[in-house]
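# Structure at a glance
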Amino acid sequence: MFDFDSGPRLLAWVETPSGCAALTPLVRQDDALHGEIVGLAGWTWRAVIRPLDNRIGRWRCELAIQAGTGGAAALRIALAELGPAPRWLIPATFYDENRPSDSPRRYPRWGDETDPWSATAWLVSAERAAAPFTSVRTDKLSAALIADATYWMNQPVGLGLDAADDNSLLLRFPYAEWPRSNAPCRGDDCAADRRWAQLAAGDELSAAFEVQIQPGEAPLYPALLRASYARHRAASNPWMPLDAAAALLADGLLRWHYDPQHDVLAEACAFDHYFRPTDRQTDRAAMHVAWLSGIPTAFALLRQGGAAAEAGQRVIDHICRDGFALCGAFWAQWTPQGWDTCWYGPPEDAPLWLQATTTAEATLFLLQAAAHERAAGRPQPAWEAAALRNLHFVAARQRADGNLGAYYDATTGAVTVWAGTAGLLWIAALVAGWRLTGERRWLETAERAAAYYAPFVLDDRLRGAPEDVPLGPTSEDGYCALRAYWDLYAATAEARWLHVARHALDWTLTFRWQYNVRLPSQTFLGSMDFRTVGGDLASPSNQHLHIYGLIVLREQLELWRATGDDFYFATARDLLGFARQTLIRVDGECNGRRGMLTEQWYHVDWTHPQGSMLQLAHAWCNGLAIYAFQEAAAWGEIWLGERVWALEPTALIDATDGPQQLRLHNPFVESLTLRVRLLAPWSALRLDDVELLLENDALGVSGVCILAPSQRATLAARMN
């Protein structure tokens, strides 16, 4: 076990605008440490460091500084001498070097290049992190500094990393963003931002934090995330029930995004008619075959039924009929000028390439749509043929080691980029092809690819899933890995794939917000009590919260059932709640039009100020929200077993008595439908005095109860 008495050093400074004054290095002991601060006359300090768990090397430090003079000051903590070859992780905001040195995007990178966005030390506000800790893996150990909370004296804590002193982790009370602040909206060329506590002589600054050190290179973040989540216990604030939200968003897609003349789903529409004076207020008429619109969104419409189903079918028909490039795979996108390539660099310089994740996602959801239509007695041979054509394309490009490529020449089909893990999602598409056809070769191709990509997943080297962040870490990389390895595990029952799927989800959840950012009440989001818990950061490059994680909601819940890890259930529930905010229910709400949904919420200053929201509706947001709400409704909003699990927690008034007696309430203005799943030992269900009819499906026994607006009721599970 590592002990920072003799291994890594714990250091502290008082920082003032004129410089830093160091404390004596802190060591672990039960008696309080204390002393004067050299360089600051009259300033004193005291600290207590106690072990929390000797098995894993975790300590708690309580540090207090008494000011000898007045002025501005901050506390700075470093855990130093951590060893060579650092692998940094600050949840949602920093992953290893954080971007390739030649990336066309500019955002913080750990490196010593002359690039102004490269530096060997970084400090960021904890509001940019999904959980308030900073961590590292080196050749000899894993270590973390964990803030007690995101905020300190009503200001965010600072989290950081530094290559000095044999690599260090940093905390600062209050925060600094240094050497640059990734906030171009401020108009100061992303200048550094240092905050201070204002003191009078005799005032005391106190801070508490935890230190964890363990030998070896195993990552700490899975355990740190769970401990942090248990500490925060933040609540979400959904606006509507799942079914009502799905219906609203389907109407929005038909009204604003669906173009029946061209059978496409326009990717973005403006909230305000003034800026886009067309009937549909179209901002971007293009349609990717997946990702930002296309087949996943069309599939959600198809399952919604009615006019939505007709629109979804026509979009899929269009892509399958006309959407193939010369190489034999789908084009990346349709535009009013014709079919076109993917996003790679500036549009004027983009090569004629296709990107693996976009094409794989289109193929995967096309196969889901084809299976859905088969099950409904409406087989779609043209869809199936198109999906298999894409599978033939990628299988023919598989390298001997299993790599499926990241980018392809749209004319020749040659792989143009092998680096990164953008090809991961092909695994799920190949498994879906095997399920549809029964042809073993698709599963074998998937297994070879899975064997190749698994070390990248397990080593946290997921990079390059979305077209607009080439070879950078993003939350979308984690979604692809989870879907790929869960689907392969479900097809083969091989435990090795379950292990990779679980690791992929743990890494993905480093992007999911565990707490509610304190948004200023004067801001748009702050004024409506917007909750950030459950949102995912898009990427360190794109500093906004989004809901793309809904694409693997079902897989996350299935992993919960397979492992019994309630953290997976809770964070899936949080995302469902987050996604049902700012749904525009009537014209004029959120300054938009009924059925619109944005893709970007700004929890920190970035391209827009903190507390604002992008005034554009995005087709993929509606589509993936509908898709996930459909999945969640089929899955079940309440599960009753040895305890109670609720995907709709706002409906629970009291679950003290467990499954034997739940007090429910419908807080919405719409009727609330709840599918209740029964696990052993329960076999009967009653709502007030009415026995509910039970049914069986692939997930087991369930009953459905419907609550009118404001209705209260008692739900009871019984054993027959």
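Our subject is the structure that appears above.
Quantities reported herein were computed from a predicted structural model and do not represent experimental measurements.

## Considerations on the side chain of R99
One can find R99 in the loop between strand 8 (94-95) and strand 9 (109-110). In this structure R99 comes out as buried when scored by relative accessible area, which is 0%. Among the polar contacts made by the side chain of R99, one reaches the side chain of D115 at a distance of 2.3 Å. With near-sequence residues (within four places) excluded, R99 lies in contact with R105, R106, Y107, P108, R109, D115, W117 and S118.

## Details of the nonpolar core
Counting residues in each nonpolar core, the largest one holds 171 residues, and the members touching the most others are F330, W426, I427, Y485 and I547. With eleven residues, the single largest contributor to this core is helix 14 (residues 619-635). Excluding anything up to four places from it in sequence, W426 contacts A356, T359, A360, T363, N390, L391, V394, L404 and Y408. Counting 52 residues, the second-largest nonpolar core is a separate cluster that includes W45, V157, V211 and I213.

## Some details on the sheet that holds strand 27 (residues 333-335)
Spatially, three strands are ordered 26-27-28 in an open sheet, and the strand pairing comes out antiparallel. The open sheet has two edge strands, strand 26 (287-288) and strand 28 (338-340), and neither has a second partner. In terms of strand pairing, strand 27 meets strand 28 through three bridges, oriented antiparallel. In the strand pairing of strand 28, W334 is matched with W339.

## Description of the packing of helix 3 (residues 294-304) against helix 14
Contact geometry of helix 3 with helix 14 gives a least axis separation of 8 Å together with a crossing angle of 45 degrees. Judged by the angle between their axes, helix 3 and helix 14 are oblique. In this structure, helix 3 meets helix 14 at a crossing whose hand is left-handed. Residues P296, T297, F299, A300, R303 and Q304 of helix 3 pack against A619, W620, G623, L624, I626, Y627, Q630 and E631 of helix 14. Its residues assigned to classes, the contact of helix 3 with helix 14 shows eight nonpolar, four polar and two charged.

## Quick look at helix 13 (residues 566-579)
Across its 14 residues, helix 13 extends 20 Å between first and last C-alpha, which sits within 8% of the 20 Å expected from 1.5 Å per residue. A large share of helix 13 lies buried, amounting to twelve of its 14 residues. One side-chain oxygen of the residue at the start of helix 13 lies 3.0 Å from the amide nitrogen of F567, identifying that residue as D565.

## A few points about the pairing of strand 40 (residues 684-687)
In the sheet, strand 40 pairs with strand 44 (residues 712-718) via four bridges, with the strands oriented antiparallel. What sits directly across from L685, in strand 44, is A717. Hairpin geometry of strand 40 and strand 41 (residues 690-691) is characterised by an intervening segment of two residues between the two adjacent antiparallel strands and by a positive phi of about 50 degrees at D688.

## A word on the pattern of salt bridges
Under the definition given, this model contains 57 salt bridges. In this structure, D487 engages R483 in a salt bridge whose closest nitrogen and oxygen atoms are separated by 2.7 Å. With D487 and R483 both in helix 9 (residues 475-492), this residue pair falls four residues apart, about one helical turn. A relative accessible area of 7% means that R483 is categorised as buried. When the shortest N-O distance is used, the salt bridge between R573 and D574 registers 3.4 Å. Exposure remark for R573: the relative accessible area of 22% places this residue in the partly exposed category. Here the salt bridges share partners, and the residues they tie into one network are R58, R60, E62, D148, E210 and R231.

## Things to note about helix 12 (residues 553-563)
Taken as a whole, helix 12 has its buried residues at L553, E555, Q556, L557, E558, L559 and W560. Close packing links the buried residues of helix 12 with helix 9, helix 10 (495-508), helix 13, helix 14, strand 35 (638-640) and strand 36 (644-646).

## Observations concerning the side chain of S181
Relative to the helices and strands, S181 is located in the loop between strand 18 (176-177) and strand 19 (193-194). On the basis of relative accessible area, S181 is assigned to the buried category, the value being 1%. In terms of polar contacts, S181 uses its side chain to reach the side chain of E177, at 2.4 Å. Setting aside residues up to four positions removed in sequence, S181 forms contacts with W117, R128, R186, C190, A191, A192 and D193.

## Points about the sheet that holds strand 29 (residues 353-355)
Strand order in the open sheet formed by three strands is 29-30-31, and the pairing between neighbours is antiparallel. Looking along the sheet, the strands with just one partner apiece sit at the ends: strand 29 and strand 31 (415-417). Each strand axis lies, on average, 40 degrees off the axis of its neighbour in the sheet, ignoring direction. Alignment of strand 29 against strand 30 (residues 407-409), held across three bridges, turns out to be antiparallel. Of the residues in strand 30, the one forming a bridge with L354 is Y408.

The rules we used
Residues numbered from 1 in each chain as written. Predicted model: local features only at pLDDT ≥ 70, side-chain atom pairs only at ≥ 80, totals over all residues. Heavy atoms only, no water. Helix = DSSP H or I, 4+ residues; strand = E, 2+ residues; numbered from the N terminus. Buried < 20%, exposed > 50% of the residue type's maximum accessible area, 1.4 Å probe, protein only. Polar contact = N/O pair within 3.5 Å; in protein donor to acceptor, adjacent residues only side chain to side chain. Contact = heavy atoms within 4.5 Å. Core = buried A, V, L, I, M, F, W, Y, C linked by side-chain atoms within 4.5 Å. Pairing = 2+ DSSP bridges. Axes fitted to C-alpha atoms, helices over the stretch in contact; angles between N-to-C directions. Parallel < 35°, antiparallel > 145°, perpendicular 65-115°, else oblique. Left-handed = near helix turned anticlockwise from the far one by under 90°. Nonpolar A, V, L, I, M, F, W, Y, C, P; charged D, E, K, R; others polar. Expected span 1.5 Å × (residues − 1). Salt bridge = Lys/Arg side-chain N within 4 Å of Asp/Glu carboxyl O.

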